[in-house]
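# Overview (structure and organization)
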Amino acid sequence: MGKLEIADMNFEEALQELEIIIEKLESGEVPLEETITLYDRGSELKKHCELKLQSAEEKIQRISLSQKASGDLKIEDV
Amino acid sequence: MTDELTNLKEFSVSEISGVVKRHVEDGFPLVKVRGELGRVSRPASGHIYFDLKDDRSVLASIIWRTTKIIQSEFVEEGSEIIAVGKLTTFSGQSRYQLIVSNIFPAGTGALMAMLDKRKEQFLKEGLFEKDKKKPLPFLPEIIGVVTSETGAVFKDILHRLRERFPRRVIIWPVPVQGEGSAEKITEAITGFNLLLKSSKSPRPDLLIVGRGGGSLEDLWCFNEEIVVRAVAQSDIPIISAVGHETDTTLIDYVADVRAPTPTAAAEIAVPELKNLLSKIDDFGGRLKRPVFLRLENIRKNMTHIKKSMENVKYILSEHIQRFDILIVRFPNILRIYLQKKKEQLFQMRVAVLDLDFVKRDLKTKHRLLKDLGKVLNQRIEAVHKSKNNMLFSHSRLHDSLSYKRTLSRGYAIVRDKNMKLVRNKDGAVKEKHLHIEFDEGFIAVEVKETE
């Protein structure tokens, strides 16, 4: 598993790695030291996921095309 | 002629034709006429002439060669169409006619036939292939919506998104039916794709293209080729949500996912926040549990080991005590031991000395034996010699015994006191006593005087 920077991960990537870590830990076939490392990373991933979920907020915007120049567009809040 | 008639303005034929033309053109600059196609003629000039009719009337219509019409393929006799254009007159034949700028198939039958034709074409091109479908993001950050700003569709989508997972939504407002709607929808889809992913121009990672339910004609823009191709070429995954569940447009085939309704599109677009929260919560528990169990096991083992250690300590203590006692006694034991060893060593040395002595003794004995051997040899030799001598003397005796015989003949032998033979006078003179041997035996004589 390539170690991505957690901060750069999207929710799904973080969730997937978290799930893999949990399955590894649950299998009980991980040496103790790795267990601790995995747990730490898992905790960070979980925190990252929670953060992503907590930051869920609605924002509605609209595209408005200016009539003058073609391809000139503005994004306005609704 | 009455005055009325006299005062009436007089027109030439061309003049009246011109006035009528102006009236007709000013009165009907843009009309939409539904009718059945009658006789169609396509002369070499490239213009298309046809009659538009219903059960009572006929309207002469022309499509000029220079008019760009997207769908002219269904201009054939018998099909029902809607023609858009302006009315004008043709003075040469005293006719009014429709100059067509656009025509649309009308009536379900015609539309369906055309739809099937296009669908077959796109199918052949592979636009609907499964492997062309892009996977939708699990959780889109920005959702672009292409629909009418005022319709219920956008409200439905926002409402459902708000319930499930509030997101950033950008609407690209477009007309969703009528003339020009296909072009606007196309522009919106390609426009979203052209946006860069930055804070200034946020590029959506998911698009929803849709409108509410309506007639086949109402939904027609979503069957247009340019819209279908724009959807096929979009790098951003697209959910189509056109009409109700039973309405299917070509965009539904080409979209990555087809949603039966706008509300369903929102449901497909985002997972439910509360489910994810409880999933994360569950993951948190599952993350901790094995680690906790592991550590708990280790703790138990440690306790067990600690207990065992205490036992060992107890067992050891007895040994340690014994050891302590031993260590006190050790110098004594050592001394005794050393003493013993010393003695042993001494004895061994003695033994070694003894051995030396024996060796030396043996040597002496050996020499002695050798000497004795020599002596023995000498003795043997001596005995041998003496025996020889004896033998010799015996033989001499024998010989001398033979002289005895002479004694019998009257001779006598003179011997000294040691019975040694006295041979002459000088010998006899030295002795006081002499023995004279006769045949019968000895007589002792005293020496008196020499003569």
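Look up: the structure comes first, before these words.
The structure contained in this document is the topic of the report that follows. Computed from a predicted structure; not experimentally measured. Here the residue numbers are simple positions, counted from 1 along each chain's written sequence. Numbering of ligands from 1 and lettering of chains from A proceed in the order in which they are written. Residues qualify for local features only when their pLDDT is at least 70, as the model is predicted, and side-chain atom pairs are given and counted only at 80 or more; totals for whole chains, interfaces and linings, by contrast, use all residues. Excluding hydrogens and water, the side-chain figures rest on all heavy atoms present in the structure.

## Describing the interface of chain B and chain A
Rules: Residue contacts follow a heavy-atom distance rule, with two residues in contact if any of their heavy atoms lie within 4.5 Å. For any pair of parts, buried area is found by adding up, for both, the accessible area (1.4 Å probe) each one loses once the two are put together. Whenever Lys or Arg places a side-chain nitrogen within 4 Å of a carboxyl oxygen from Asp or Glu, that contact is recorded as a salt bridge. The term polar contact refers here to a pair of N or O atoms within 3.5 Å; inside protein, the definition further demands a hydrogen-donor-capable atom paired with an acceptor-capable atom, and it admits residues adjacent in sequence only when both atoms are side-chain atoms. The secondary structure listing takes helices from DSSP runs of H or I that are at least 4 residues long and strands from runs of E that are at least 2 residues long, numbered from the N terminus. Under this grouping Gly is polar, as are all residues other than the nonpolar Ala, Val, Leu, Ile, Met, Phe, Trp, Tyr, Cys and Pro and the charged Asp, Glu, Lys and Arg. Being paired, for any two strands, means DSSP has found at least two bridges between them.
The interface of chain B with chain A comprises 36 residues on the first partner and 32 residues on the second. Taking both sides of the interface into account, the surface hidden between chain B and chain A amounts to around 3200 Å²; carbon and sulfur atoms contribute 70%. Our count for the contact surface shared by chain B and chain A stands at 4 salt bridges. When the shortest N-O distance is used, the salt bridge between K52(A) and E141(B) registers 3.9 Å. Across the contact surface, chain B and chain A share 11 residue pairs in polar contact (both at pLDDT 80 or more). Elements supplying a minimum of two residues to the side of chain B that touches chain A: α4 (152–164), β7 (168–173), α5 (181–194) and α9 (273–408) of chain B. For the side of chain B that touches chain A, the leading source of residues is α9(B), giving 14 residues. Of the residues in the side of chain B that touches chain A, the class split is 23 nonpolar, 2 polar and 11 charged. Here 4 bridges tie strand β1 (residues 59–65) of chain A to β7(B), and the two strands are oriented parallel to one another.

## Thoughts on the environment of K130(B)
All names here are of chain B. Keep this limit in mind: Relative accessibility under 20% of the residue-type maximum defines a buried residue, over 50% an exposed one, and the middle range a partly exposed one, all with a 1.4 Å probe and only protein chains included.
Along the polypeptide, K130 turns up in the loop between α3 (108–125) and β6 (142–147). K130 sits in the exposed class, given a relative accessible area of 75%. Between the C-alpha atoms of K130 and V254, which are 124 residues apart in sequence, the distance is 9.4 Å.

## Looking at a positive patch on the surface
For clarity, the threshold we go by: By definition, no residue in a patch forms a salt bridge, and every one has over 30% relative accessible area; like charges are joined within 9 Å, nonpolar side chains (Val, Leu, Ile, Met, Phe, Trp, Tyr) within 5 Å. Every accessible area reported is derived by Shrake-Rupley at a probe size of 1.4 Å, with residue values counting cover from the shown protein chains alone. Asp and Glu count as negative and Lys and Arg as positive, but His and the ends of the chain are not part of the count. Every charge is mapped to an atom, namely NZ of Lys, CZ of Arg, CG of Asp or CD of Glu.
A cluster of basic residues, K359(B), R360(B), K363(B), R367(B), K370(B) and K374(B), forms a positive patch at the surface. On the accessibility criterion, R367(B) (51% relative accessible area) is exposed.

## Some details on the pattern of salt bridges
Per the stated rule, a full pass over the model turns up 24 salt bridges over all chains. The salt bridge partner of E272(B) is R164(B), with a shortest N-O separation of 3.9 Å. Of this pair, E272(B) sits in the loop between α8 (262–269) and α9 while R164(B) sits in helix α4, placing them 108 residues apart in sequence. By relative accessible area, E272(B) is classed as partly exposed at 23%. The network of salt bridges with common partners includes K52(A), E141(B) and R167(B).

## Notes on the side chain of T35(A)
Among the secondary structure elements, T35(A) is positioned in helix α2 (residues 32–54). Engagement of the side chain of T35(A) in a polar contact is seen with the side chain of R294(B), the distance being 3.1 Å. When neighbours within four sequence positions are excluded, T35(A) is seen to be in contact with L25(A), V30(A), V291(B) and R294(B).

## Topic: the packing of helix α1 (residues 11–27) of chain A against α2(A)
Residues and elements named next belong to chain A. This is how the line gets drawn: Fitted lines through C-alpha atoms serve as axes, helices being fitted only where they are in contact, and the angles separating the N-to-C directions of these axes extend from 0 to 180 degrees. We call two directions roughly parallel when the angle between them is under 35 degrees, roughly antiparallel when it is over 145, roughly perpendicular when it lies between 65 and 115, and oblique otherwise. The handedness criterion is simple: a crossing whose near helix is rotated anticlockwise from the far helix by less than a right angle is left-handed, and one whose near helix is rotated clockwise is right-handed.
For the pair α1 and α2, interaxial distance at closest approach is 9 Å and the crossing angle is 150°. The angle between α1 and α2 falls in the class roughly antiparallel. For α1 against α2, the interelement crossing comes out left-handed. Contacts between α1 and α2 involve F11, A14, L15, E17, L18, I21, K24 and L25 on the former and, on the latter, E34, T35, L38, R41, G42, L45, K46, H48, C49, K52 and L53.

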